[in-house]
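One letter stands for each residue in the lines below.
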Amino acid sequence: MQIRKVVIPVAGWGTRSLPASKNIPKEMLPVYNKPVVQYVVEEAIRAGIEDVVFVTNRDKSVIEDHFDYNLQLEGILERSGKYEMLKTIRDVAEMVNIMSVRQKKQLGLGHAVLCAKEMVKNEAFAIMVGDDFILGEHAGLEQLVHLAEERNMPVVGVMEVPAERVNRYGIVFGKEVSPGVYSVSGMVEKPEVGTVDSRLAIVGRYVLPSAIFEHLERVTPGYGGEIQLTDALASLAAERGMLAVKMGGIRFDAGDWVDYLSANIYLGLQDEHLRDELRARLLAMLQ
Ligand code: UTP
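Okay, so let's go over this structure.

Let us look at the site of the ligand. Contacts to the ligand come from 19 residues, most closely from A11, T15, R16, E27 and Q103. Note that a nitrogen atom of the ligand is positioned 2.7 Å from one of the side-chain N or O atoms of Q103. Here the ligand is seated within the largest pocket. Residues that form the shell around the ligand fall into these classes: eight nonpolar, seven polar and four charged.

Looking at where Q103 falls in the secondary structure, it is placed in the loop between β5 (97–102) and α5 (109–114). Look at Q103 and you get buried, because its relative accessible area is 3%. A distance of 3.3 Å separates a polar side-chain atom of Q103 from the backbone oxygen of G108. Looking at Q103, its side chain comes within polar contact range of the side chain of H111, at 2.9 Å. Sequence-distant contacts of Q103, defined by excluding residues within four places in its chain, comprise A11, V55, T56, N57, G108, H111, A112 and C115.

With that out of the way, let us pick up the packing of aromatic side chains. Counted under the stated rule, the structure contains six aromatic pairs. Each ring, one from F133 and one from F252, has its centre 5.5 Å from the other, and the planes form 40°; the classification is tilted. You can see F133 sitting in strand β7 (residues 132–135) and its partner F252 sitting in strand β13 (residues 250–253), a full 119 residues away along the chain. Exposure remark for F252: the relative accessible area of 6% places this residue in the buried category. Consider the rings of F252 and Y266, whose centres lie 5.9 Å apart with planes at 45°: the pair is tilted. Placement of the pair is F252 in strand β13 and Y266 in helix α10 (residues 257–270), with a sequence separation of 14 residues. Take Y266: its relative accessible area is 30%, and that puts it in the partly exposed class. Clustering of aromatic rings is evident, with ring pairs tying together Y39, F133, F252 and Y266.

Okay, the layout of surface pockets next. There is about 1,300 Å³ of room inside the largest pocket. Lining the largest pocket are 45 residues, with R16, K26, L109, D131 and K190 sitting closest to its centre. Looking at the lining of the largest pocket, the elements with two or more residues in it are α5, β8 (155–160), β11 (200–208), α9 (229–240), β13 and α10. Here the lining of the largest pocket gets four residues from one element, more than from any other, and that element is β11.

Calculation rules
- Residues numbered from 1 in each chain as written.
- Predicted model: local features only at pLDDT ≥ 70, side-chain atom pairs only at ≥ 80, totals over all residues.
- Heavy atoms only, no water.
- Near = heavy atom within 4 Å.
- Polar contact = N/O pair within 3.5 Å; in protein donor to acceptor, adjacent residues only side chain to side chain.
- 1 Å grid on protein atoms, 1.4 Å probe; cavity = no way out; pocket = protein on both sides within 12 Å on 5 of 7 lines; lining within 4 Å.
- Sits in = over half its atoms within 2 Å of the grid points.
- Nonpolar A, V, L, I, M, F, W, Y, C, P; charged D, E, K, R; others polar.
- Helix = DSSP H or I, 4+ residues; strand = E, 2+ residues; numbered from the N terminus.
- Buried < 20%, exposed > 50% of the residue type's maximum accessible area, 1.4 Å probe, protein only.
- Contact = heavy atoms within 4.5 Å.
- Phe/Tyr/Trp six-rings, centres within 6.5 Å; stacked < 30°, edge-to-face > 60°.
- Points joined across faces, edges and corners; volume = space filled by probe spheres on them.

All we've got here are geometric facts, nothing functional implied.
This is the structure we're talking about:
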């Protein structure tokens, strides 16, 4: 199983991020000096991905534009001798091949993935949600790709969440077969707090065979009336088994304000030109 392609659904309404996301896709909101979706694509590249399929809607073409050349801007930077920034923005245009497909009705994450069926065809592929990103060397999608290629099995990425937060995620049940790797025996979308023992939450990273599309075509609307990817995953896991891997690194959900703001501060503190002043301001605010 060789993984070269990732599907990144970015067609949701982003209601948690309003009013910021009224006319700017939430995946394009900046975290420090880059839009959220660039961190996602950079994580994909670290995992060896070459082709990105964005599942978009009519208001999201700015996401594809971000990964394309902007010749006018490049000309201005070149004429004013800003070569370092010129290289930075050209590198973004050249980092990956971009394709896109429209999700015409926002019927859920599972439906968004199904929209990419004709682009993926018969190969195994990765899925990353476009508003979640993971920072850390070898953390995130790379872990899933290694495991899937080694074991030739579908893999989902999980993180342990507090028991009172299980109702925000798809929760996986399974037995630990090697450190941090679980054989999946079942899963449920957003269970009520106190109804499940497991705290292993699926956090937007998957490596799957193209057979997932048959399962997506069969599932009926689930939680929230949406076509849930988790329901199709449960069906695929029952048919051919599945592994879950605990992902390392730090994860930020850009659709959650505390995560979003924390990500900005975290990355700002990594920049040696900003660190001291930012730290001083934060400390002053905390007094
Ligand atoms: P979310 O549930 O976080 O996104 O889906 P949302 O629906 O846009 O956000 P809120 O809850 O209203 O704030 C995770 C990812 O799946 C995409 C979203 O764009 C996001 O990147 N998605 C979700 C789709 O592409 N299509 C959908 O129908 C739903």
